[in-house]
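Observations on the three-dimensional arrangement
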Amino acid sequence: MELLVASAVGILTAAGIYLILRRRSFPVILGLSLLTYAVNVFLFATGRLVTAAPPILNKYEEVAYTDPLPQALVLTAIVISFGMTAVVVMIALGAYLSSLDDRTAMPAEPEGAGDDA
Amino acid sequence: MSLFLIAALPFLGAVFPALLIRAGRNAAASAAGLTTLLAFIGLMLHIPAVFRGETVYSAVDWLPALGLNAHFFLDGLGFLFAAMILGIGLLIILYARYYLSREDPMGQFYSYLLLFQGAMVGIVLSDNILLLLVFWELTSLSSFLLIGYWKHLPEGRQGARMALTVTGSGGLAMIAGMLMLGHIAGSYDLSVILQNKEAIQSSDLYLPALILILLGAFTKSAQFPFHFWLPHAMAAPTPVSAYLHSATMVKAGLFLMARLWPVLAGTPEWFYIVATTGLVTMLVGAVIALFKDDLKALLAFSTVSHLGLITMLLGFGTKIAAVAAVFHIINHATFKAALFMTAGIVDHEAGTRDIKRLGGLRHLMPVTFTIGTVAALSMAGIPPLNGFLSKEMMLEETAHTIWNGSHLIVPALATVAALFSAAYSFRFIAHVFLGPKREDYPGHPHDPNTGMWIGPAFLVLLVVLIGFASAKIAGPMVATAAGAVTGGGELPYYSLKLWHGLTPALYMSIAATIGGLTLLALHKPLQRVWNATPRPEAKTIFEALIGAFTRLSQAVTDGLHNGVLTRYAAIMVAFTVAVGYAAYRGGSLGTATREMQDPGLLPVVGWFALVVATLFIVAKHRNRLLALVLIGVVGLVVSMAFNYLSAPDLALTQISVEVVTIILMLLALNFMPKETPVETPALFRLRDGAISVVAGLGAGGLIYALLMRDFAFPTISDFHLANSYKGGGGTNVVNVILVDFRGYDTFGEIIVLGIAAMVIFALTEAVLGSKVRAYLLNRKPDLPQAGDAHPLMMVVATRVMMPLALMVAAYIFFRGHNLPGGGFIAGLIAAIAIIMQYMASGFAWATERQRYPYHAIIGSGVLIAAATGMGAWFNGMPFLTSDFGYIHWEPLEEFEWATAALFDLGVFLAVVGAVLLALESLSRFAWQPGMSTEHAMDINPARDEAAKTGTEG
């Protein structure tokens, strides 16, 4: 089980980074999503892998629980990453519609730009 | 009054002028004046103690772990400077009230001035050298604001920038020097450092520390070769020049040298660096000053020269020279501030400060003439004024100084400098006030009103009084301050009086005065020679140097930041991997302590689906729609994995976020190219592949190593598990952590989410307000569109499902505290229920039925969460402390209420609002005229009939 999770994190990370290194905005967004999965699973897994022991307290008998803290952190991370993805998508869309070009590299600056007088 | 309060008063007072300026200029000036006066009185209350030779302390610990503490102390030297800063500050505040015109923003001026004053008082009262450094930098910053006060003048801006660059870089060097000094002494408190003379002077770090500290002092006090910034800083309004550049800021460097005199002075290094720099500065400044036609430039270079004089005296390293230095500091402050104010009056009334256009003003401005003449004669060193006394002492000391074996060089050069000093002082009188009255003044010269001349008149009164009765008036002050400079002990015999007999100094003085008069007589031909001689222009050199630095940093920036974002990402990943590898090599990995768990069939199937989907995404990412579908597969497997691994809350969240994310990306993809072209050469793709594989191996290996080992430290989760029910009143520990234990974090998160949604809204507004709108309106869809945009089946199904979905959301919300669920998940589900209506029935239909703007929903969510948190205050508890209890209403079963549920309601609303605002914004891109239909279910048999007959007929 540990090997499966670890290898899945590795593959998701690699795929995410590969796509982030592409030159168009859409693959970069896809890559960010994959990397988000990888990071979330990574953080979650720091609580170690436990099956059938959700952190829902049982009032009637003593049972084992998994670590709740990484879960709480990851829960908000998932929601925030939605917000981040939405902003990035919007920036990419606005940039594409404004220039009809979805390349991520900035065009070369014209001579003299950025001079302060 | 506590020293802490004296230093803090100007900072506190700086608020008032800016606020009170609406009540008028007098209100602003009075506020500044009263604050200063209060601090001044507070300082004067310490007179008895200080003159008894005691040291007053006042300490507040700030960052004791760093050795940075707000420790203040007041001895003779600190008292002298603080009295000068606050006393002359008062006169300047009065003077500036009448000097500044109606157009100048006076509130700002007094605020800056008080900030500067506070920083200066802080320097002279600090006991802690780190604190002193903070104040030191503050003087650089606030003087920048003051020099550049007339923002419309390019000279002002350039002068301010130059002053900041020079004094700021000096300050940086000084930080290093001070840290070394503190390191040697083992403490950052001056009172400790000053006791460690032997340890410091015998240390290997003595010379580097000395040079670095002196760099700070020399740049601040405009010593050669850093003197050039001071004349350019004269672009400031005259009150600023009079205050900063005669009495206070430029004296900060001298103060520091005097303060550290007991531990740094007395070595050959100190003598040769400090005394030589002072001597050269004194000479250079005096010579240049004679040939300046701008009154303020003349005074600026004369200030440079006098600062050099004091530096030289401190550099001599003898106690008697230190006494002379302290005495001259007092004298220079009195006559130079008066002269600057006189120059300001002349400029203000005659309309120019160009000496060539002035002359004969003695008839028109008798009061100003008297003040200016007395002050200038004191500067020239004419008896019986105070300038004569200290210059006499200085010349006397030079006569005993041996420089590199020569008895003659120091006294000779000092006499030459004194000669030039006399010459430019005489010129100030002769070419401005004496001579025939002229007809071509730009203004109408006349004496100013009392408010303007009373300040300089008071200073000139001091000039005369100190001259006649120096021992009575200045004697105790000089003795106390000099005692503090020399670090206690007996001062050598000296006497502050006019007649010392026929000493060498007297002959040197006479020579200087006669020579000065001769130079004045020969001024015209000399000026011609001076103008003809080529000499380096400091400003040009400085600007060339700064230009070179700018080009260098531009080149470095351009080299690193060439606009290719991919490259930045690659560098960051490679660097992170390298750091991780270094950590791996540097540390040691313990043996595995956990058993690998047997996965069983289901996880293997899930893993297989995830890996295949991921690899397909990478291989097929050019087909964007396909990649998006496959991302959905990955998200689904991840949420199932969460569920399998005992995280039902995460599974619920992940799956609902998945839905909205995919909808969002589909909406965006609608407007973007559907294919990604092949652009990157195969070699580059190989390189990117290598980087990502290595990074993936790193991440996977790290988590694998972690998973096979137990916690290295006891986890804090046990606390959460144990207290979730007792303290938070809920059995779902994850939810209790979110809304209770870590409620503050969650509060921040929903705010961030709300901000993200607002950003999306704002971006949409901006994009749709530009030319993009026309493009969108005329856009022809690049894919075939559905014949029926709102199919009957879907519309009916979603409308039936809407109440059901909202019911589920409510259920999930309410059970959240005890079972998987809660505000985040319920919010996402409710948002999806509403999005379904947008999708099925159309944007226009859904928008019509939306009663509350989503902004308001986000806002109310944040406000409810905040109000819940604040409710705890009424119970006398800290922000966001939750409360809960149980209610038993017959015939219902007992149920629980918790304030945390109210907080969760805030979370719910914020999430609903944020998700919907984001998606609604994106949908607005798709709007085209003619899209809105009256009926969402717009199957219209009549229309279809008409179309049919139309084609047939």
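Each chain has its residues counted from 1, running along the sequence as written. By the order in which they are written, chains take letters starting at A while ligands take numbers starting at 1. Reporting of local features is limited, given that this is a predicted model, to residues whose pLDDT is at least 70; pairs of side-chain atoms are given and counted only at 80 or more, and all residues count toward the totals for whole chains, interfaces and linings. For the side-chain quantities, the full set of heavy atoms in the structure was used; hydrogens and water were omitted.

Where an unreviewed UniProt entry is consulted, chain B appears under the name Monovalent cation/H+ antiporter subunit A, with the organism given as Leisingera daeponensis.

As recorded by an unreviewed UniProt entry, chain A carries the name Na+/H+ antiporter subunit C and is attributed to Leisingera daeponensis. For the record of chain A, the UniProt heading Sequence similarities (unreviewed entry) holds the text "Belongs to the CPA3 antiporters (TC 2.A.63) subunit C family." Checking UniProt for chain A, the heading Subcellular location (unreviewed entry) contains the comment "Cell membrane". UniProt positions are given in the numbering used here, feature names are shortened, and annotations may be inferred rather than shown by experiment.

1. Digging into the UniProt feature "domain: NADH-Ubiquinone oxidoreductase (complex I) chain 5 N-terminal" (unreviewed entry) in chain B
On the UniProt side, "domain: NADH-Ubiquinone oxidoreductase (complex I) chain 5 N-terminal" (unreviewed entry) is annotated at positions that read residues 66–110 of chain B here. Numbered from the N terminus, helices here are DSSP runs of H or I no shorter than four residues, and strands are runs of E no shorter than two. Taken end to end, residues 66–110 of chain B has its terminal C-alpha atoms 34 Å apart, with 64% of it in helix and 16% in strand.

2. Some words on the domain arrangement of chain B
Taken as a whole, chain B is organised into domain 1 (294–521) and domain 2 (740–939). Annotation comment: domain bounds sourced from an automatic or database domain assignment. Between domain 1 of chain B and domain 2 of chain B, the C-alpha centre-to-centre distance is 77 Å.

3. Some details on a nonpolar patch on the surface
Residues and elements named next belong to chain B. Patch membership needs two things, relative accessible area over 30% and no salt bridge, and members are linked within 9 Å if like-charged or within 5 Å if nonpolar (Val, Leu, Ile, Met, Phe, Trp, Tyr). Note that accessible areas follow from Shrake-Rupley with a 1.4 Å probe, and for residues the cover is restricted to the protein chains shown. In what follows, salt bridge is the name for a side-chain nitrogen of Lys or Arg lying within 4 Å of a carboxyl oxygen of Asp or Glu. A grouping of Trp499, Leu502, Tyr507, Ile510 and Ile514 is seen on the molecular surface, where their side chains present a nonpolar patch of about 590 Å² in accessible area. With respect to the secondary-structure elements, leucine 502 resides in the loop between α25 (475–485) and α26 (504–521). On the basis of relative accessible area, leucine 502 is assigned to the exposed category, the value being 62%. A 1.4 Å probe rolled over the protein chains alone gives each residue an accessible area, and that area as a share of the maximum for its type sets the label: buried under 20%, exposed over 50%, partly exposed in between.

4. Some points on the nonpolar core
Residues belong to one nonpolar core when they are buried, are Ala, Val, Leu, Ile, Met, Phe, Trp, Tyr or Cys, and are joined through side-chain atoms within 4.5 Å. Counting residues in hydrophobic clusters, the biggest one holds 192 residues, and the most contacted among them are Tyr110, Met178, Trp229 and Trp270 of chain B. If you tally residues by element for this core, the top one is helix α18 (residues 319–350) of chain B, at 20 residues. For tyrosine 110 of chain B, the residues in contact, after removing those within four places along its chain, are Pro17, Ala28, Ala29, Ala32, Ile93, Ala96 and Arg97 of chain B. Among the nonpolar cores identified, the runner-up in size contains 122 residues, and Val5 and Tyr37 of chain A together with Ala756 and Ile857 of chain B belong to it. Whether two residues are in contact is decided by their heavy atoms, any of which lying within 4.5 Å being enough.

5. Digging into the pairing of strand β2 (residues 68–74) of chain B
Residue and element names in this part refer to chain B. For β2, a buried count of seven out of seven residues is recorded, marking the element as mostly surrounded by other parts of the structure. Residues Leu68, Ala70, Phe72 and Leu74 point to one face of β2 and Asn69, His71 and Phe73 to the other, with burial holding for every one of them. Between strand β1 (residues 56–63) and β2, which follow one another and run antiparallel, lie four residues, and glycine 67 among them has a positive phi close to 80°. Between any two strands, pairing holds if DSSP finds at least two bridges.

6. Description of the interface of chain B and chain A
The interface of chain B with chain A comprises 111 residues on the first partner and 82 residues on the second. Buried area between chain B and chain A, both sides added, is near 8,900 Å², and the carbon and sulfur share of it is 77%. Where chain B meets chain A, there are four salt bridges. When the shortest N-O distance is used, the salt bridge between aspartate 102 of chain A and arginine 624 of chain B registers 2.9 Å. Whenever two N or O atoms come within 3.5 Å, that pair is a polar contact, provided that in protein one can donate a hydrogen and the other can accept it, and provided that, for residues adjacent in sequence, both atoms are side-chain atoms. Between chain B and chain A we count 21 residue pairs in polar contact (both at pLDDT 80 or more) in total. Per-element tally for the side of chain B that touches chain A: the top contributor is helix α33 (residues 682–707) of chain B, with 16 residues. Residues are grouped as follows: Ala, Val, Leu, Ile, Met, Phe, Trp, Tyr, Cys and Pro are nonpolar; Asp, Glu, Lys and Arg are charged; every other residue, Gly included, is polar. Taken together, the residues of the side of chain B that touches chain A sort by class into 72 nonpolar, 26 polar and 13 charged. The buried area of a pairing is the accessible area, by a 1.4 Å probe, that goes missing from both parts when the two are put together, added over both.

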